[in-house]
Amino acid sequence: MERKTLTCICCPIGCTIEAELEGNHVLSVRGNSCPRGEKCAKSELSNPVRTLTSTVGLTGSATGAAVAPVRSAREIPKGKMLDCMKELSRVSVAAPVHIGDIALKNAAGTGVDIVITRDMQLSLIHISEP
């Protein structure tokens with residue numbers, strides 16, 4: 001039997017949780033102040049996942065921004081984070097983009113899309129006549 005100690009990240013309390021494991025099976029969890037702590041510990045010890053947030057290149061933005069903010073549509077396996085970031089480093093989108101637009105489909109083979117999280121408008125060049 002193995003014991004693991006971790007800090008719960010499911011609510012602002014940040015409980016210190018102790019879990020007993022046998023192989024990959026969680027036998028018991030203690031130290032959590034709310035029910036989410038047990039679920040958090042079991043997930044973290046058996047299949048840790050994270051929401052990825054980052055940016056991708058952006059061309060033609062009205063604000064002159066060179067990047068657009070993105071996040072994963074749902075949590076991805078923690079072990080795939082670096083692979084997803086490598087793929088994202090090669091992604092560039094052209095304005096206009098809108099919240100929810102897909103910047104990258106099936107990031108690193110996870111089945112999870114990376115989506116735009118902010119509307120970014122197209123740059124309009126105004127030429128005044130003499």
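The text that follows walks through the structure, step by step, so that each part is easy to find.

Reading guide: rules and limits
Residues numbered from 1 in each chain as written. Predicted model: local features only at pLDDT ≥ 70, side-chain atom pairs only at ≥ 80, totals over all residues. Heavy atoms only, no water. Pairing = 2+ DSSP bridges. Helix = DSSP H or I, 4+ residues; strand = E, 2+ residues; numbered from the N terminus. Axes fitted to C-alpha atoms, helices over the stretch in contact; angles between N-to-C directions. Contact = heavy atoms within 4.5 Å. Expected span 1.5 Å × (residues − 1). Buried < 20%, exposed > 50% of the residue type's maximum accessible area, 1.4 Å probe, protein only. Arc of directions from axis to C-beta. Core = buried A, V, L, I, M, F, W, Y, C linked by side-chain atoms within 4.5 Å.

**Focus: the sheet that holds strand S6 (residues 67-72)**
What links the strands of a sheet is backbone hydrogen bonding, and the strands pair in either a parallel or an antiparallel sense. One open sheet accounts for five strands, arranged S8-S5-S6-S10-S9; its pairing is mixed. In this open sheet, the two strands that pair with only one neighbour each are strand S8 (92-94) and strand S9 (102-104). Each adjacent strand pair in this sheet contributes to an overall mean axis angle of 45°, direction not counted. Against the sheet, helix H2 (residues 81-88) touches strand S5 (53-59), S6, S9 and strand S10 (114-116), its axis set at about 10° to S5.

**Describing the sheet that holds strand S1 (residues 2-7)**
Read from one edge of the open sheet, three strands run S1-S2-S3, paired in antiparallel fashion. The strands lining the two open edges of the sheet, one partner per strand, are S1 and strand S3 (25-30). Here the average twist between neighbouring strands, direction ignored, is 30°. Direction of pairing for strand S2 (residues 16-22) relative to S3: antiparallel, over a ladder of five bridges. Paired with Leu21 across the strands is Val26, a residue of S3. Sitting on the sheet, helix H1 (residues 35-46) touches S1, S2 and S3, and the angle it makes with S3 is about 145°.

**Regarding H1**
In a regular helix each residue adds 1.5 Å, so 12 residues correspond to 16 Å; H1 covers 18 Å between its end C-alpha atoms and thus fits that length. Of the residues making up H1, those classed as buried are Gly37, Cys40 and Ala41. Within H1, the buried residues cover an arc of 100° as seen down the axis, which keeps them to one side. Along H1, the residues that are exposed and aim more than 90 degrees away from the buried face are Pro35 and Lys39. Packing partners of the buried residues in H1 comprise S1, S2 and S3.

**Topic: the nonpolar core**
Val56, Leu88, Val93 and Ile116 are the most contacted members of the largest nonpolar core, which totals 20 residues. Every element with two or more residues in this core is listed here: S5, S6, H2, S9 and S10. With residues up to four places along the chain from it excluded, the contact list for Ile116 reads Val56, Ala68, Pro69, Val70, Val93, Val97, His98, Ile99, Gly100, Asp101 and Ala103. The next biggest cluster of nonpolar side chains, apart from the first, holds 10 residues, and it includes Leu6, Cys8, Ile17 and Val26.

**Some remarks on the environment of Glu87**
Within the secondary structure layout, Glu87 lies in helix H2. Under the relative-accessibility criterion, Glu87 is labelled partly exposed at 25%. The sequence separation of Glu87 and Ala107 amounts to 20 residues, and the corresponding C-alpha distance is 7.2 Å. Setting aside anything within four residues of it in sequence, one finds Glu87 in contact with Leu104, Asn106, Ala107 and Ala108.

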